[in-house]
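# Geometric and topological summary
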Amino acid sequence: MKNEKNNEITLFLNGSEQRFCVETDETLLHVLRKRAGLTGAKKGCDLGECGACTVILDGRAVNSCCVFAVQADGKHVETIEGIGTAEHPHPLQQAFVNAGAIQCGFCTPGMIMAAKALLDRNPRPSREEIRQALSGNLCRCTGYERIEQAVMMAVEIISGYAER
Amino acid sequence: MNEHQFENVNIGIPRLESLSKALGQAKYTDDLRLPNMAYAALVRSPYSCARVLSIDLTEAEKIPGYLGCLLPEDVPRQYFNCSGNPPSPLLIHDELVLTREPKVLGDRIACVAAETEEMARAAADAVQVEYEVLTPYLDVRSALREEAKAIQPHISEDNVIQYRDVSQGDRGAGESASDFIVEDCFSTPPMQHVTIEPTSCLCDFSDGEHLTVYSTSQTVFQERRLIAEILGLREADVRFSKPVVGGGFGARQQLHAQHIASLMSKKLHRPVNLSYTREEDLYSVVRHASEVKLRIGASRDGRLQLFDVEYYLNAGPYTTHTPTVVAAAARKLQYNVPNYFFQGYSVYTNHITGGAFRGYGNTQISFAREILMDRLADKLGMDPVELRLINHVQVGECFPCASIPVSSNGIEDCVRRCQAIQAEIDTQFPLVDNEEVRQAWGISFSCHGSGPSSKEGLSSAIVMLNDDATVQLLVGSSDIGQGSETMESQIAAECLGIPLSSVRITAADTLLTPYDTGTFGSSQTFICGNAITRACDDLKAKILAQLRVIFPEGKVEERANRYVVQENGQTTELDLAQAARKIMYDPKGGVMIGAGTYKAAACPNPFSVCFVKAEYYKKLNAIRLLDIIEVVDVGTPINRLTVAGQLEGGIAQGVGYALYERMEINPRSRRTLSSDLLHYRIPQMDDMPQTYVDMVDSHDPYGPLGAKSVGELATVPVAPAIVNAVRRTSGQEINALPLCDRFVILPSRRKEG
Ligand code: FES
Ligand code: FES
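Owing to the predicted nature of the structure, the values given are computational and were not obtained by experimental measurement.

### Regarding the overall build of chain B
Looking only at helices and strands, chain B features 17 helices and 26 strands. Taken over C-alpha atoms, the radius of gyration comes to 27 Å for chain B, in line with the 27 Å a tight globule of 753 residues would show. A buried classification covers 65% of the 753 residues belonging to chain B. If you take every contact in chain B between residues at least 6 apart in sequence, the share linking residues at least 24 apart comes to 80%. For chain B, the accessible area works out to roughly 26,000 Å², and carbon and sulfur atoms hold 49% of it. In chain B, the 72 positive side-chain charges and the 94 negative ones have mean positions that sit 1 Å from each other.

Dropping the structure here:
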C-alpha cells in the first residue's frame, strides 16, 4: 500500500491560515512538531493514551496523535504556543506556574489545553468536572493535586474578568 | 521556632523555569533539531531468551530514506555496565551494545537509520531476524533452581550475581529474647517509571573525534565516562548536555541507547536522533520485583529483639544497579534491634532488567517490614504508632549495621501532625462501619538517606560574581523535573544575601559545569547544596581578601552581607554590588570566582509518616482509598512548594504501585502484556484519593541551611500504609502487590456535596 503524497491541507493554526503538504497517514501532531515547528504539543505515546499531545481542534480538546492531518483540513487548531506569551500568559498558564502544578512539565501543555477546552465550554466547572475533563491527561510527577488547584485558580481569574 | 531565619529558603516559590514550560517553549530532547539530522531505530528481540540465527537486511534496504545499519559485529564487543553510578566493583560488566544472544525482551540486536523517524521504524520492522527461541527464566525461583542454565555464564554459574550478608548480634539470642515472633514472605511486582517523556537522545559524532550528546540524563558525568570507555574516547572529547527532561525517577540513571546512536552518527557523519516508543520505554527498565522473607521478634514490652530478612531481587539478565540496590536496602532500618540479619541476593533472570527506581531497594524492604510491624502490634496488643515510636532510632544512635549516627529526627512531630489531620478528617467524615462498608486507617513509617548510602556522593559548584552583584551559578547536577535548579539557586541566594532574581544557574553540561556524581539517591539538596554553600563561602572569603589587598591600611569586615571598611578613621560600607565594582575595576582588583566541592561524609536521614484511610465493601470485596496524609521531616525545606509537590507525586506513585502497576509478561507467549499505557495503568487524576502533605520544623546540623532530602522518601511509605489500611478494613492478610489481584478497586474520592 502506497501513501498518496502531497495532500495539501489548510489549517487555521493559532489564528493564522497555513498550508501544508502532508501524507495520508500523517498525524496532526506530526505536522505541528515536524512541519510547523511547534514542539509545544508533546509526544508521550503516539497512541492516544497520555494526552501530552492535546490541542484544541475547532473548540474541542483532541489527542493530536490520533487525528490525521487530512481530517484537520480547513479547521481551527489551537496549540499551547497560541494561547499566551511570556508578557501575557493565559490565566491557566499563570495559574499552573503559581500553583506549583508544573514539575517536569512534559504533561503541562496538554493539561493546559485540555483545561482550556473545558473552561471555554464551561467557565465554572466543579472539581469533579475538572477531574473528569483532565483524566485523559497523564502526569507522573505531581499527583494531580496542584493541577486541579491551578485550574480552580484560573477559573477564579477568568470569572473575575467576566465580572468586570 | 525562630532559631533559623531565612529570606530565600523555607518559602514556597514557583520554579524558575516553569513559565517556559507552561508556554510550551521549554526544549526537551526530541524537540531539538540539528542540521542534517538523521533518525535511528533499534531492532529488538521479541523474545525473552533466544539466539539470533540470521539477520537479513534486504527488505529494510528497500525502505525509502534508508541510510544504513549497524549489526553486532560492527560495534565494540566489550562488556559494560550501563549504571550511572560512579565506578564500583559491584557494577559487574555483562551488557553489550548489540547482541546476537538476546536475554530479555527488547534486547538490542541491530540499529538502522533513515531520513525520518517513520522511515527508520519501518526499516527496523523490515529487518528479518531468524531466532532460535529458548526458554526464559522469568522469576527468581525458576532462575535459582538447581537445573537452571546460567544466564551469564562468565559471571555466575548459579544465576546469583551477588550475595550480601549484613548482620549484627546473634540469631539464637534474638529468638530467645522474643516473646512473639511474626514472619511471612512478601512479594512486590516490577514497576515501570513511566516518565511521560519517552527516553530520547540526539548524538553528534559526525567527525568521529568529538562527541556531543543531548539526552534524557540524570547522570551526565557518569554517562560521559561510560560512553568514553565504550567508544575509546577521552572524556574531554565527549560532551553530555542535558536539555529539559520530562521526569526520571531512576530510569535515566543509566546509559540507554546513546552508545549505539553515537556509533550510527559516526557511520553516517550526521547527527542522529534515537527516541524510544512508549512500548520500548516500558520494557527498558523496571523497579526490581522482590521476594522478601522476614521475621521480626519482640519482647512483651514491645522492644524489637530480632529482625531477620532474606531479600531477593529479580535483576533481569544484566547486573546494572542490582547489587547496589540490595546494598542500599541493607541499611534502611529505622528501628533499634540488637539482633539484625540481612541476607541479600541479586539474581539473574530473563525478566525485564531491573534498574534504579525512586526508593532504590528501600521500597521493597519497607513494604514487608511495615506490614509485619502492624501484625506484630496486633499480637502485642499495642498501638501500631506507639510500637514504632518506642523502637525508633534517636539522634546520636545508628541504624542497625550503619556507621553514621542519626543527626536529626522529627518523627514524633510527623506522627502528631498526621494525627491532627486525621482527627479533622474523621470529624468531617466519621469512620463508617456497618453491614455494607467498613472504613479504617492504616499507617507506615519510612526513612531514606540524603545521598547514596555508600558515601560516594560528590558534587561541586562555581559561583561567578558579576559587577552588578548578579551571579552565575554552575553546577553539574541534573534537574529532571524535580526542581533542583530552583532549589540550588535559592541556596546560593540565601548564602550570598542576594535576591533569587540575581542568580542565574547553568546545570548538567559536562562542557560547562563542574563535576557532580549525578541526580540519584535524593542527593541534590544535601550534596549539591553543600557544594553550593561552600562555593558561596569561598566567594565571600575571596571578596574579603581582595578588599584587604585594595585597602591595605584599613580594617575590612563582612557584616550581614555588607562589607565594612574602616580606614583613616573613616567607615565605608559597601553592598555586594559596590564591592564587586570596586574589586573588578580597582588597579589591585581581580575576578571573583567561588568554588566549592562536597564529598558526602554524612548522609542525614529524612523521615516520613503516612496515614491512609480506606474503605472496604464486604459484598463486593472492593476497596476504595479515601485520604492519604504524608508528613515528613526533611530538615529545612528549601522550597516548600517543591517539597509538597514531591510528596504528592510520591504518593501517586505509591498508589499506582499498591493498586495496579506491574510489568507483566504473558507466561505462554512470553511477550509483555504491558505494551502500552492502557495495559500498564498509572493513576489518572480521577483515581487519586484526597491527599494532605506537610513538613515539620526541623534542622539538620550537616545539611545546607539545615536541609535533608525528600525525593525518594516521599514514595516509600505509601504502599505499606495502603496495605495496612486495607488489611484493617477487610480483615485479610496481604503480602503481595498489586492489590487489584485480590480486590475490586473502586474509583477514589468521595462524592462532592
Ligand atoms: S502522544 Fe497523543 S495521547 Fe500520548
Ligand atoms: S509534570 Fe511531569 S508528567 Fe506532569
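### Regarding the interface of chain A and chain B
Contact residues are listed per partner, giving 50 residues for chain A and 57 residues for chain B. For the pair chain A and chain B, the summed buried surface comes to about 4,500 Å²; carbon and sulfur atoms form 52% of the total. Contact with chain B buries area across many residues of chain A, yet Gln103(A), Arg131(A) and Arg140(A) alone supply 19% of it, more than any other trio. Applying the counting criterion to the chain A and chain B interface returns 8 salt bridges. Across the salt bridge formed by Glu117(B) and Lys43(A), the nearest N and O atoms sit 3.1 Å from each other. The interface formed by chain A and chain B holds 28 residue pairs in polar contact (both at pLDDT 80 or more) in total. Counting only elements with at least two residues in the side of chain A that touches chain B, the list comes to α1 (28-35), α2 (91-99), α3 (108-121), α4 (127-134) and α5 (145-163) of chain A.

### Side note on the environment of Tyr617(B)
Residues and elements named next belong to chain B. Mapped onto the fold, Tyr 617 is located in strand β23 (residues 607-617). Tyr 617 sits 129 residues away from Leu 746 along the chain, and the two C-alpha atoms are 9.5 Å apart. Apart from residues lying up to four places away in sequence, Tyr 617 is in contact with Glu 436, Val 437, Ala 622, Arg 624 and Leu 746. A polar contact is formed between the side chain of Tyr 617 and the side chain of Glu 615, at a distance of 3.0 Å. Reaching out from Tyr 617, the side chain makes a polar contact with the side chain of Arg 624 at a distance of 3.2 Å.

### So, the nonpolar core
Ranked by internal contacts, the top residues of the largest apolar core, which has 147 residues, are Phe96(A), Phe342(B), Ile722(B) and Leu739(B). Ignoring anything within four residues of it in the chain, the contact list for Leu739(B) reads Ile623(B), Ala658(B), Leu659(B), Ile722(B), Val723(B), Val726(B), Ile734(B) and Ile745(B). In terms of nonpolar packing, the next biggest core, distinct from the first, is built from 86 residues, Ala40(B), Leu500(B), Ala535(B) and Ile550(B) among them.

### Description of the pattern of salt bridges
Applying the stated rule across the entire model yields 61 salt bridges over all chains. In this structure, Glu148(A) engages Arg131(A) in a salt bridge whose closest nitrogen and oxygen atoms are separated by 3.2 Å. Of this pair, Glu148(A) sits in helix α5 while Arg131(A) sits in helix α4; the two residues are 17 residues apart in sequence, bridging distant segments of the chain. Taken as a pair, Glu148(A) and Arg131(A) share a single burial class, namely buried. Of the charged contacts in the structure, one is a salt bridge between Glu175(B) and Arg295(B), with a shortest N-O distance of 2.7 Å. Remark: Arg295(B) occurs in strand β12 (residues 290-298) and Glu175(B) occurs in helix α5 (residues 171-177); sequence separation between them is 120 residues.

### Quick look at the packing of helix α10 (residues 362-380) of chain B against helix α17 (residues 718-730) of chain B
Residues and elements named next belong to chain B. For the pair α10 and α17, the least separation of the axes is 8 Å and the interaxial angle reads 35°. Our pair here, α10 against α17, has a crossing hand that is right-handed. Contacts between α10 and α17 involve Ser 366, Phe 367, Glu 370, Ile 371, Asp 374, Arg 375 and Asp 378 on the former and, on the latter, Ala 719, Pro 720, Val 723, Asn 724, Arg 727 and Arg 728. Tallied by class, the residues present in the contact of α10 with α17 amount to 5 nonpolar, 2 polar and 6 charged.

### Section: the packing of helix α6 (residues 220-231) of chain B against helix α7 (residues 258-268) of chain B
Residue and element names in this part refer to chain B. Two elements in contact, α6 and α7, have axes separated by 10 Å at closest approach and are oriented at 50°. Taken together, α6 and α7 sit at an angle that is classed as oblique. Crossing of α6 against α7: the hand is right-handed. Residues Glu 223, Ile 227, Ile 230 and Leu 231 of α6 touch α7, and the partners they reach there are Gln 258, His 259, Ser 262 and Leu 263. Residue classes in the contact of α6 with α7 are distributed as 4 nonpolar, 3 polar and 1 charged.

### A closer look at the sheet that holds strand β7 (residues 180-188) of chain B
Residues and elements named next belong to chain B. Across the sheet, which stays open at both edges, the 5 strands sit in the order β6-β14-β13-β12-β7 with mixed pairing between neighbours. Strands at the two margins of the open sheet, each flanked by one partner only, are β6 (160-168) and β7. Neighbour-to-neighbour, the strand axes of this sheet turn through a mean angle of 5°, independent of strand direction. Where β12 and strand β13 (residues 304-316) come together, 9 bridges link them in antiparallel fashion. Paired with Ala 298 across the bridge in β13 is Leu 304. Across the sheet, helix α9 (residues 322-330) touches β6, β13 and β14 (339-348), and the angle it forms with β14 is around 165°. Sheet strands in contact with α10 are β7, β12, β13 and β14, and its direction is about 150° off that of β7.

### Quick word on the state of the cysteines
Residue and element names in this part refer to chain A. Under the defined criterion, the tally for this structure stands at 0 disulfides over all chains. The structure places no disulfide on Cys 66, whose sulfur is separated from the nearest cysteine sulfur, that of Cys 65, by 3.8 Å. The exposure class assigned to Cys 66 is partly exposed, which follows from its relative accessible area of 46%.

### Re the packing of aromatic side chains
In this description, an aromatic ring pair is defined by two values, namely the gap between the centres and the angle between the planes. Taken as a whole and assessed by the stated rule, the structure comprises 12 aromatic pairs over all chains. Plain terms: the ring middles of Phe106(A) and Tyr28(B) are 5.0 Å apart, the flat faces sit at 85° to each other, and that makes the pair edge-to-face. Pair noted here: Phe106(A) is in the loop between α2 and α3 and Tyr28(B) is in the loop between α1 (18-22) and β1 (38-44), and the two residues belong to different chains. Each of the two residues, Phe106(A) as well as Tyr28(B), counts as buried. One aromatic cluster is present, built from ring pairs that chain together Tyr163(B), Tyr312(B) and Tyr345(B).

### So, the environment of Val385(B)
Checked against the element boundaries, Val385(B) lands in helix α11 (residues 384-391). Discounting residues that sit within four places of it in the chain, Val385(B) has contacts with Val415(B), Gln419(B), Ile443(B), Phe445(B) and Phe611(B).

### What to know about the sheet that holds strand β21 (residues 570-574) of chain B
All names here are of chain B. Across the sheet, which stays open at both edges, the 3 strands sit in the order β19-β20-β21 with antiparallel pairing between neighbours. At either end of the open sheet lies a strand with only one pairing partner, and these are β19 (555-559) and β21. Each strand of the sheet is rotated relative to its neighbour by a mean of 20°, with strand direction disregarded. Here β19 pairs with strand β20 (residues 562-567) via 5 bridges, running antiparallel. Each residue of the ladder has a partner; that of Glu 557, found in β20, is Val 564. Where helix α15 (residues 576-585) meets the sheet, it contacts β20 and β21, and its direction lies at approximately 100° from that of β21.

### A closer look at the side chain of Ser135(A)
Tracing the backbone shows Ser135(A) in the loop between α4 and α5. Setting aside residues no more than four positions away along its own chain, Ser135(A) makes contact with Gln684(B), Met685(B) and Asp686(B).

### Focus: the pairing of β23(B)
Side chains on a regular strand alternate between the two faces of the sheet. Residue and element names in this part refer to chain B. Across the 11 residues of β23, 11 count as buried, placing the element largely inside the fold. Every second residue of β23 is oriented toward a common face, with Phe 607, Val 609, Phe 611, Lys 613, Glu 615 and Tyr 617 on one face and Ser 608, Cys 610, Val 612, Ala 614 and Tyr 616 on the other, all of them buried. Inspection of the sheet shows strand β15 (residues 437-447) paired to β23 by 11 bridges, in the antiparallel sense. Following the sheet pairing, Ala 440 is matched in β23 by Ala 614.

### Notes on the side chain of Arg369(B)
With respect to the element layout, Arg369(B) can be found in helix α10. With residues up to four places along the chain from it excluded, the contact list for Arg369(B) reads Leu294(B), Ile296(B), Phe307(B), Lys332(B), Leu333(B), Gln334(B), Tyr335(B), Phe445(B) and Ser446(B).

Reading the values: the criteria
- Every residue gets a number counted from 1 within its own chain, in the order that chain's sequence is written.
- Key to labels: chains lettered from A, ligands numbered from 1, both in the order written.
- Where totals are concerned, whole chains, interfaces and linings use all residues; where local detail is concerned, this predicted model gives features only for residues with pLDDT of at least 70, and gives and counts side-chain atom pairs only at 80 or more.
- Each side-chain value is worked out from all heavy atoms of the structure, with water and hydrogens disregarded.
- Secondary structure elements follow DSSP: runs of H or I no shorter than four residues count as helices, runs of E no shorter than two count as strands, and numbering proceeds from the N terminus.
- The globule rule used here is 2.2 Å times the number of residues to the 0.38 power, and the radius of gyration it is set against is calculated over C-alpha atoms.
- Whether a residue is buried, partly exposed or exposed follows from its accessible area with a 1.4 Å probe, protein chains only, as a fraction of its type maximum: under 20%, in between, or over 50%, in that order.
- Between two residues, a contact is recorded if the distance between any of their heavy atoms is within 4.5 Å.
- In short, Shrake-Rupley with a 1.4 Å probe defines the accessible areas, and a residue's cover is counted only from the protein chains shown.
- Residues scored as positive are Lys and Arg, those scored as negative are Asp and Glu, and His as well as the terminal groups of each chain are ignored.
- Lys charges are placed at NZ, Arg charges at CZ, Asp charges at CG and Glu charges at CD.
- A simple way to read buried area is as the amount of 1.4 Å-probe accessible surface that goes missing from two parts once joined, with both sides added.
- Throughout this description, the term salt bridge denotes a Lys or Arg side-chain nitrogen within 4 Å of a carboxyl oxygen of Asp or Glu.
- Nitrogen and oxygen atoms within 3.5 Å of one another constitute a polar contact, given that in protein one can donate a hydrogen and the other can accept it, and given that sequence-neighbouring residues count only through two side-chain atoms.
- Take the buried residues of types Ala, Val, Leu, Ile, Met, Phe, Trp, Tyr and Cys, join any two whose side-chain atoms come within 4.5 Å, and each joined set is a nonpolar core.
- In this analysis an axis means a line fitted to C-alpha atoms, helices contributing only their contacting stretch, and an angle means the value between N-to-C directions, from 0 to 180 degrees.
- Here a crossing is taken to be left-handed if its near helix is turned anticlockwise relative to the far helix by less than a right angle, and right-handed if that turn runs clockwise.
- Amino acids outside the nonpolar list (Ala, Val, Leu, Ile, Met, Phe, Trp, Tyr, Cys, Pro) and the charged list (Asp, Glu, Lys, Arg) are all regarded as polar, and Gly is one of them.
- What sets the label is the angle itself: under 35 degrees gives roughly parallel, over 145 gives roughly antiparallel, 65 to 115 gives roughly perpendicular, and the rest give oblique.
- Strands are labelled as partners when DSSP assigns at least two bridges between them.
- By disulfide we mean two sulfur atoms from cysteines, separated by a distance within 2.5 Å.
- Any two of the Phe, Tyr and Trp rings considered here, Trp counted by its six-membered ring, make a pair once their centres fall within 6.5 Å; the pair's planes then place it as stacked at under 30 degrees, edge-to-face at over 60, or tilted in between.

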